[in-house]
Amino acid sequence: MTDDIVFYTNPMSRGRIVRWMLEEIGRPYETRVVEYGPAMKSAEYLAINPMGKVPAIRHGEIVVTEAAAICAYLADAFPEAELAPPPGDRLRGPYYRWLFFGAGPIEAAASNKALGFEVPPDRRAMVGYGSLEDVLNTLEGALTGREYLVGDRFTAADLYVGSQLWWGMQFGTLQKRPVFETYVERIKARPAAKRANALDDALMPAPGAQG
Ligand SMILES: N[C@@H](CCC(=O)N[C@@H](CS)C(=O)NCC(=O)O)C(=O)O
């Protein structure tokens, strides 16, 4: 059995998060760009991700979808990259906490904000993220006076949550706050983040190339 890594992505997608993770891991991988539309909903790609969405990876025979899950999987599969506290370490708790906070509350709150949907105040109790304001305040509290979300080193939780802040602030769906800006500047200066962006930028269609 081969343990090759195949990366299914599109440069205009959450695949950028996984690209960054793969660059942090530093193992060779094959990139397969999946175009939006029919290719992403083809039988061939639905066999990888029945949601018809990118990103996804195949590592040997193992398929993983969901950007946060892929980050968590790669961190554990390649522990030498030191992107997660090892299983059993007490920092595993906060590590899970922030990864899942990213995949749940931040992701949902940012998507709803982008769609212009606001949770009516009297329905906040039944919505997992309550309000976008609560999510941002919680994150701001976690990052105030700290360099990273977990312990004193960069982990996959920073990569995932930081990517959401990075892109969210860039596209105007998440409010810029000084703590967030300092944090994002810190993590996006990582060589792997720069390499990942350059690789995805190079895959972007040339202006005017799309009909
Ligand atoms: N929950 C998924 C979301 C993936 C997702 O929505 N991907 C978008 C691009 S960012 C996509 O592939 N959209 C194409 C489609 O749904 O047709 C994750 O976190 O990976």
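Residues numbered from 1 in each chain as written. Predicted model: local features only at pLDDT ≥ 70, side-chain atom pairs only at ≥ 80, totals over all residues. Heavy atoms only, no water.

Novice: Report on the overall build of the protein, specifying residues and quantitative values.
Specialist: Looking only at helices and strands, the protein has eight helices and four strands in total. Listed N to C, the secondary structure of the protein is β-α-β-α-β-β-α-α-α-α-α-α in terms of helices and strands. In terms of principal-axis extent, the alpha carbons of the protein reach across some 45 × 45 × 30 Å. Residues counted as buried form 44% of the 211 residues belonging to the protein. (Helix = DSSP H or I, 4+ residues; strand = E, 2+ residues; numbered from the N terminus. Buried < 20%, exposed > 50% of the residue type's maximum accessible area, 1.4 Å probe, protein only.)

Novice: Talk me through the sheet that holds strand S1 (residues 5–9); I want residue IDs and the actual numbers.
Specialist: Overall, mixed pairing links the four strands, which are arranged S2-S1-S3-S4 in an open sheet. Looking at which strands have only one partner, the edges of the open sheet turn out to be strand S2 (30–33) and strand S4 (62–65). If you compare each strand with its neighbour and ignore which way they point, the axes differ by 20° on average. Across four bridges, strand S3 (residues 56–59) lies against S4 in antiparallel orientation. The residue of S4 that forms the bridge with His59 is Ile62. Running at roughly 135° to S4, helix H3 (residues 67–77) makes contact with S3 and S4 of the sheet. (Pairing = 2+ DSSP bridges. Axes fitted to C-alpha atoms, helices over the stretch in contact; angles between N-to-C directions. Contact = heavy atoms within 4.5 Å.)

Novice: For the site of the ligand, give the residues involved together with the corresponding values.
Specialist: Residues in contact with the ligand, as listed here, are Ser13, Arg14, Tyr36, Met40, Lys41, Gly52, Lys53, Val54, Pro55, Glu66 and Ala67. Take Arg14: an N or O atom from its side chain is 3.1 Å from an oxygen atom of the ligand. In the model, an oxygen atom of the ligand is placed 2.8 Å from a nitrogen or oxygen of the Lys41 side chain. Taking 510 Å² as the accessible area of the ligand by itself, protein coverage stands at 78%. (Near = heavy atom within 4 Å. Polar contact = N/O pair within 3.5 Å; in protein donor to acceptor, adjacent residues only side chain to side chain. Areas by Shrake-Rupley, 256 points an atom, 1.4 Å probe, with all protein chains shown as cover.)

Novice: Give a description of the pairing of S2 that names residues and reports values.
Specialist: Both S1 and S2 contribute to a ladder of four bridges, which runs parallel. Bridge assignment links Phe7 to a residue of S2, and that residue is Thr31. Crossover handedness for the path S1 to helix H1 (residues 15–25) to S2: right-handed. (Right-handed = clockwise from strand over helix to strand, strands pointing away.)

Novice: Which residues make up the domain arrangement of the protein, and what values do they have?
Specialist: According to the domain assignment, the protein contains domain 1 (5–82) and domain 2 (92–193). Of note, the centres of domain 1 and domain 2, computed from C-alpha atoms alone, are 21 Å apart. In this complex, domain 1 contributes 14 residues to the contact, which on the side of domain 2 involves 18 residues. Carbon and sulfur atoms make up 65% of the area that domain 1 and domain 2 hide from each other, which totals about 1400 Å². Looking at the side of domain 1 facing domain 2, the largest losses of area belong to Ile17, Trp20 and Glu24, adding up to 43% of the total buried there. Between Arg190 and Glu24 there is a salt bridge, with its nearest N and O atoms 2.8 Å apart. Counting across the interface, domain 1 meets domain 2 through four residue pairs in polar contact (both at pLDDT 80 or more). (Domains from an automatic or database assignment. Buried area = accessible area lost by both parts, 1.4 Å probe. Salt bridge = Lys/Arg side-chain N within 4 Å of Asp/Glu carboxyl O.)

Novice: Go over helix H7 (residues 178–188), please, and point to the residues and values.
Specialist: Listed in full, the buried residues belonging to H7 are Phe180, Tyr183, Val184 and Ile187. Along the axis of H7, the buried positions cluster into a sector of 95°, meaning they face one direction only. On its buried side, H7 packs onto H1, helix H5 (132–143), helix H6 (156–171) and helix H8 (191–203). (Arc of directions from axis to C-beta.)

Novice: Provide a residue-level description of the environment of Thr9, including the pertinent values.
Specialist: Among the structural elements, Thr9 can be located in strand S1. Looking at Thr9, the relative accessible area reads 0%, which means it is buried. Sequence spacing of Thr9 and Met40 is 31 residues, and the spatial spacing of their C-alpha atoms is 9.8 Å. For Thr9, the residues in contact, after removing those within four places along its chain, are Gly15, Arg19, Thr31, Arg32, Val33, Val34 and Val54.

Novice: Residues and numbers for the pattern of salt bridges, please.
Specialist: Tallied over the entire structure, the rule returns 12 salt bridges. Of the charged contacts, one joins Glu30 and Arg32 as a salt bridge, the two residues approaching to 2.7 Å between their closest N and O atoms. Looking at Glu30, the relative accessible area reads 37%, which means it is partly exposed. Among the charged side chains, a salt-bridge network with shared partners connects Glu133, Glu140 and Arg177.

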